[in-house]
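Reading the structure
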Amino acid sequence: MFTLASDFGSPYPAAMRGVLLSETDGEPRLVDVAHDLPRQDVRAAAFWLRFVLPEFPPAVHLAVVDPGVGTDRDALVVRAGEHALVGPDNGSLLPPARALVAESASDTDGSAPAAGVDADVEVEAFAVDVESPASSTFHGRDVFAPTAAAVHDAGVADLRALDALTPTDDAVDLRLPGADVDDDRAAGEALVVDDFGNVVTNVPGSFLEGLVGTELLVETPHGSMRVPVVETFAGVDSGDPLVTVGSHGYVECDVNQGRGDDAFGLAPGDELAFSPQPE
Amino acid sequence: MFTLASDFGSPYPAAMRGVLLSETDGEPRLVDVAHDLPRQDVRAAAFWLRFVLPEFPPAVHLAVVDPGVGTDRDALVVRAGEHALVGPDNGSLLPPARALVAESASDTDGSAPAAGVDADVEVEAFAVDVESPASSTFHGRDVFAPTAAAVHDAGVADLRALDALTPTDDAVDLRLPGADVDDDRAAGEALVVDDFGNVVTNVPGSFLEGLVGTELLVETPHGSMRVPVVETFAGVDSGDPLVTVGSHGYVECDVNQGRGDDAFGLAPGDELAFSPQPE
Amino acid sequence: MFTLASDFGSPYPAAMRGVLLSETDGEPRLVDVAHDLPRQDVRAAAFWLRFVLPEFPPAVHLAVVDPGVGTDRDALVVRAGEHALVGPDNGSLLPPARALVAESASDTDGSAPAAGVDADVEVEAFAVDVESPASSTFHGRDVFAPTAAAVHDAGVADLRALDALTPTDDAVDLRLPGADVDDDRAAGEALVVDDFGNVVTNVPGSFLEGLVGTELLVETPHGSMRVPVVETFAGVDSGDPLVTVGSHGYVECDVNQGRGDDAFGLAPGDELAFSPQPE
């Protein structure tokens, strides 16, 4: 099984689908993760892959968000337990790889990995010896998909048998920034904004324990506002802002049936802080 | 086989795909219906599911448009012949369930169910006994996909064997509003607007029988206009408005190579009326 | 295996998926090419299908960009080696059909067909005898998908056995316009603009041989500009314009991490010319 993720829009991902089907044995399943990941945003790619991939059974995950296409950045294969990830060596692959290992170790029931999953777990990285590709702008088709096909046919357990792969300790890593959390205040940042306009922060959901039903002071670059902490969107009126624990396990700044990014004035990378307020 | 439909945008549907693949036996096929259904619009979900699902062979249809996520609305499984639907108990599932039964009863050739399909047919509804989910905001991943996987593995004919399912007569129903039609006038409303800007009304296509080539008076909240009745878009010049029978079997207000919603000033829910005009 | 391409947006393609699955034997694989092809743009459809389809193993390619739906244009089946294409007879199918034959003849490694693939290769076209369809506006569901299913079950090698197909020499053809190229100047036009805003021209990439690192004079309807020729986007600073050979084998007018169509003021169909400049 393959999963496919990219920021390619359309119809470029279809070329990768064709290559995977042409160059593999059998008729492996192809499952799309998304092809509208935030364009050339390596950190967002790492976030979303880390969120989604642990839901899947063992697979080869082809994940191409690649602002450095055509530069001398390496192509990378990462083994994470029974999974493999294939894509550019720019930091986007290691966070989801660690989450895949942590997920299988925790033997959970299919729910998302908890915040904090970036604890040290073992993954194995390989640099790919790339033949000169047909195009210098479409490595998804010409480098990564053929590599993923080779990984699939060799089997994730036997990556060392592939001549084109060389074990490496120098893979580019990326750690999503941590938040400073104590009882009185959590200071962090906006990580990503989803299609709904929900602002996912890097503050662990555990910060909201015991606070549902109270108000939180939310400080953003544009000022501060008091916002109710609720368990579900329906806990406030339509159009009203709220703070809750999102499905990723992080604190989110949202609006019931509206856009949190607009209401809070937040974009990815913005700093923010939450403080519980006396009733 | 599963079909998947939601208003989740991207990349959330991939989490549901992963859960379905992780929690089922065999390697069931996944087929997307759409993940950009009109956001939190239960009526539009019912309309589109009713339009599309009858084209499919027997399947478990996971359909999540769920403005009430996190409230105490039930999770629902509906059996419709050899099909099952899984999603929130908000009315979105029963209209397509009835269409699936009507379709298989009429033994048609794969065309869409005729308007009026909401006639009384028998479907069987079950409330789902939901364990506390991992997230209160993403029941697609944590409640509905695991339920759909369980339904798939148990088999649609054996839903009563699933401990988590309890037959119910109280499922929320939703009847798409009917039109008032006589020979001189059809009064109804705009049901949905599609990606092309075509305005689908609830007036049955049969109202236009014998009227192709004539003009119709179209009354909307913004005034009235005379519009030609044609069999195909090409029956008027590019950019001109037209009235025709859409592929759903309903009267549509369209523009050839343009947007009907703009030209007619219509949005879902708007009232409208059609009257044949003397030549 | 089927591939599916259209300009239908969502959720109409799901109806075609359902028909293909309902009306074929076995459980054929469905792979999406794209459903957001430029709306009613036959030339863009031909371009993108020619780009993507040669990556695929033998398949039945259902491709519906059909501004003439409901007129008396024919439905067409084209056999291209072990592939078949099914869609409207408007010129969109023959260029990719020729590319599929050229690709298999060249026994390449999965890379895209080179520019100039429209050389004469043999393909076989059949007009489809269409029964009166259920709808006059949705032939994707009512005409082309059932035809594709019949082609699939009959087998591409045995199309002559299908009563509904009649060999034809009158299929509408479409030749993407050629460029006038000599050593000093290449005059051509913008063919398509992709999701990234990259402007694909019809000037073969070979025109840039030996010019990487130099500047090119680019003449457009809005004036002229000197632009560096680079091998990859990263060859210029973020936000700067560039000219390079795209993954289709044609010269592209792009911006590193920006939109080429905006920077060059180009839209599909615009004339343009490139001239090497003395250092």
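Everything numeric in this text was worked out from a predicted model, so none of it was measured. (Residues numbered from 1 in each chain as written. Chains lettered and ligands numbered in written order. Predicted model: local features only at pLDDT ≥ 70, side-chain atom pairs only at ≥ 80, totals over all residues. Heavy atoms only, no water.)

1. Things to note about the relation of the copies chain A and chain B
By a simple turn and slide, chain A fits onto chain B: the slide is 0.0 Å along the axis, the RMSD is 0.0 Å, and the turn is 120 degrees. The superposition operator between the copies reduces to a three-fold rotation axis. Looking at the rotation axis and the C-alpha trace of chain A, the residue lying nearest is R29 of chain A, at 5.1 Å. (Least-squares fit on C-alpha atoms with pLDDT ≥ 70 in both.)

2. Concerning unusual backbone geometry
For residues besides glycine, phi is generally negative; the peptide bonds are generally trans as well. That bond from S10 of chain A to P11 of chain A is cis: its omega, 5 degrees, falls within 30 degrees of zero. Here P11 of chain A is to be found in the loop between β1 (2-6) and α1 (12-22). Of note in the backbone geometry, Q40 of chain B takes a positive phi value of approximately 60 degrees without being a glycine. Within the secondary structure, Q40 of chain B sits in the loop between β2 (30-34) and α2 (42-52). (Helix = DSSP H or I, 4+ residues; strand = E, 2+ residues; numbered from the N terminus.)

3. A short note on the environment of D142 of chain C
Residues and elements named next belong to chain C. Tracing the backbone shows D142 in helix α4 (residues 139-154). Through-space distance from the C-alpha of D142 to that of L242 is 45 Å; in sequence the pair is 100 residues apart. Here the side chain of D142 touches S135 through a polar contact of 3.0 Å, landing on its backbone nitrogen. Here R141 takes part through its side chain, which lies 2.7 Å from a polar atom of the side chain of D142. (Polar contact = N/O pair within 3.5 Å; in protein donor to acceptor, adjacent residues only side chain to side chain.)

4. Here's the deal with the interface of chain B and chain C
Facing 30 residues of chain B, the contacting portion of chain C comprises 31 residues. Interface of chain B and chain C: buried area, both sides summed, is about 2,300 Å²; carbon and sulfur atoms make up 58% of it. The largest per-residue losses of area from chain B upon contact with chain C belong to R29, E55 and F196 of chain B, which jointly make up 26% of the total buried on that side. In this structure, E55 of chain B and R141 of chain C form a salt bridge, with 3.9 Å as the shortest nitrogen-oxygen distance. On inspection of chain B and its partner chain C, the count reaches 11 residue pairs in polar contact (both at pLDDT 80 or more). Listing elements by their share of the side of chain B that touches chain C, those giving two or more residues are β2, α2 and β13 (241-245) of chain B. The element that contributes the greatest number of residues to the side of chain B that touches chain C is β2 of chain B, accounting for 4 residues. (Contact = heavy atoms within 4.5 Å. Buried area = accessible area lost by both parts, 1.4 Å probe. Salt bridge = Lys/Arg side-chain N within 4 Å of Asp/Glu carboxyl O.)

5. Brief notes about the packing of α1 of chain A against helix α4 (residues 139-154) of chain A
To characterise two packed helices, one gives the angle between the axes of the helices and the distance between these axes. All names here are of chain A. With their axes 9 Å apart at the nearest point, α1 and α4 run at an angle of 35 degrees to one another. In this structure, α1 crosses over α4, and the sense of that crossing is right-handed. Across the interface between the two elements, A15, M16, V19 and L20 from α1 touch G140, R141, A145, P146, A148 and A149 from α4. (Axes fitted to C-alpha atoms, helices over the stretch in contact; angles between N-to-C directions. Left-handed = near helix turned anticlockwise from the far one by under 90°.)

6. Thoughts on the sheet that holds strand β7 (residues 165-167) of chain C
All names here are of chain C. The strand order across the open sheet formed by 7 strands is β2-β1-β3-β5-β4-β6-β7, and the pairing between neighbours is mixed. Each edge of the open sheet carries a strand with a single partner, namely β2 (30-34) and β7. When the angles between neighbouring strand axes are averaged without regard to direction, this sheet yields 25 degrees. Two strands pair when backbone bridges link them, and strand β3 (residues 60-64) and strand β5 (residues 83-88) are joined in this way by 3 bridges, in the parallel orientation. Of the residues in β5, the one forming a bridge with H61 is L85. Against the sheet, α4 engages β1 (2-6), β3, β4 (75-80), β5 and β6 (124-128), with an angle of about 165 degrees to β3. (Pairing = 2+ DSSP bridges.)

7. A look at the packing of aromatic side chains
Within the structure shown, the criterion is met by 27 aromatic pairs over all chains. Here the aromatic rings of Y12 of chain A and F51 of chain C are separated by 5.8 Å at their centres, their planes lie at 80 degrees, and the arrangement is edge-to-face. One end of the pair, Y12 of chain A, is in helix α1; the other, F51 of chain C, is in helix α2 (residues 42-52), on a second chain. Since its relative accessible area comes to 6%, Y12 of chain A is described here as buried. Here F51 of chain C falls in the buried class, since its relative accessible area comes to 3%. Geometrically, the ring pair formed by F51 of chain A and F138 of chain B is stacked, given 6.4 Å between the ring centres and 25 degrees between the ring planes. With one member in each of two chains, F51 of chain A in helix α2 (residues 42-52) and F138 of chain B in the loop between β6 (124-128) and α4 (139-154) form a pair that bridges those chains. By the ring-pair criterion, three or more aromatic residues cluster together here, those being F8, Y12 and F138 of chain A together with F47, W48, F51, F196 and Y250 of chain C. (Phe/Tyr/Trp six-rings, centres within 6.5 Å; stacked < 30°, edge-to-face > 60°. Buried < 20%, exposed > 50% of the residue type's maximum accessible area, 1.4 Å probe, protein only.)

8. Focus on the sheet that holds strand β2 (residues 30-34) of chain A
Residue and element names in this part refer to chain A. A sheet is described by the order of its strands in space; here 7 strands give the open sequence β2-β1-β3-β5-β4-β6-β7, paired in mixed fashion. If you trace the sheet from one side to the other, it starts and ends with β2 and β7 (165-168), each paired once. For this sheet the average axis-to-axis angle between neighbouring strands, irrespective of direction, equals 25 degrees. Note that strand β4 (residues 75-80) and strand β5 (residues 83-88) share 6 bridges and pair antiparallel. Each residue of the ladder has a partner; that of R79, found in β5, is A84.

9. So, the pattern of salt bridges
Pairing of side chains with opposite charge becomes possible as their charged atoms draw close. Scanning the model with the defined rule gives 39 salt bridges over all chains in all. The closest approach of N and O atoms between R98 of chain A and D173 of chain A, which form a salt bridge, is 3.0 Å. Residue R98 of chain A is found in helix α3 (residues 94-106), and its partner D173 of chain A is found in the loop between β7 and β8 (180-181); the two are separated by 75 residues along the sequence. By relative accessible area, D173 of chain A is classed as partly exposed at 35%. R259 of chain A is the salt-bridge partner of D261 of chain A, the closest N and O atoms lying 3.0 Å from each other. Residues joined in a network through salt bridges with shared partners are E55 of chain A together with R141 and D142 of chain B.

10. Topic: the interface of chain A and chain B
At the interface, 30 residues of chain A touch 30 residues of chain B. Between chain A and chain B, the buried area comes to about 2,300 Å², and carbon and sulfur atoms account for 58% of it. For the chain A face of the interface with chain B, the top three residues by lost area are R29, E55 and F196 of chain A, together amounting to 26%. In this assembly, chain A and chain B are joined by 2 salt bridges.

11. Topic: the side chain of S275 of chain B
All names here are of chain B. Mapped onto the elements, S275 comes out in strand β15 (residues 271-276). You can call S275 buried: its relative accessible area is 11%. Contact partners of S275, with chain neighbours within four places excluded, come to D184, R185, L216, L217 and E219.

12. Some remarks on the confidence of the model for chain A
Residue and element names in this part refer to chain A. Mean pLDDT over chain A works out to 92, with 94% of the residues at or above the 70 mark. Below pLDDT 50 for its whole length, residues 108-117 participates in 27 contacts with residues either more than four positions away or in separate chains. For this predicted complex, the interface score ipTM comes out at 0.93, while the overall pTM is 0.94. (pLDDT = per-residue confidence, 0-100.)

13. Some remarks on the pairing of β1 of chain A
Residues and elements named next belong to chain A. The buried count for β1 comes to 5 of 5 residues, which makes it a mostly enclosed element. In the sheet, β1 pairs with strand β3 (residues 60-64) via 5 bridges, with the strands oriented parallel. Looking at β3, one finds that T3 is bridged to H61. In this sheet, β2 lies alongside β1 in parallel orientation, the contact comprising 4 bridges. Its bridge partner being in β2, A5 is matched across the sheet by A34.

14. Some points on a negative patch on the surface
Together, D180, D182, D183 and D184 of chain A make up a negatively charged patch on the protein surface. Among the secondary structure elements, D183 of chain A is positioned in the loop between β8 and β9 (186-193). (Patch = residues over 30% accessible without salt bridge, like charges linked within 9 Å, V, L, I, M, F, W, Y side chains within 5 Å. Areas by Shrake-Rupley, 256 points an atom, 1.4 Å probe, with all protein chains shown as cover. Lys, Arg positive; Asp, Glu negative; His and termini not counted. Charge placed at Lys NZ, Arg CZ, Asp CG, Glu CD.)

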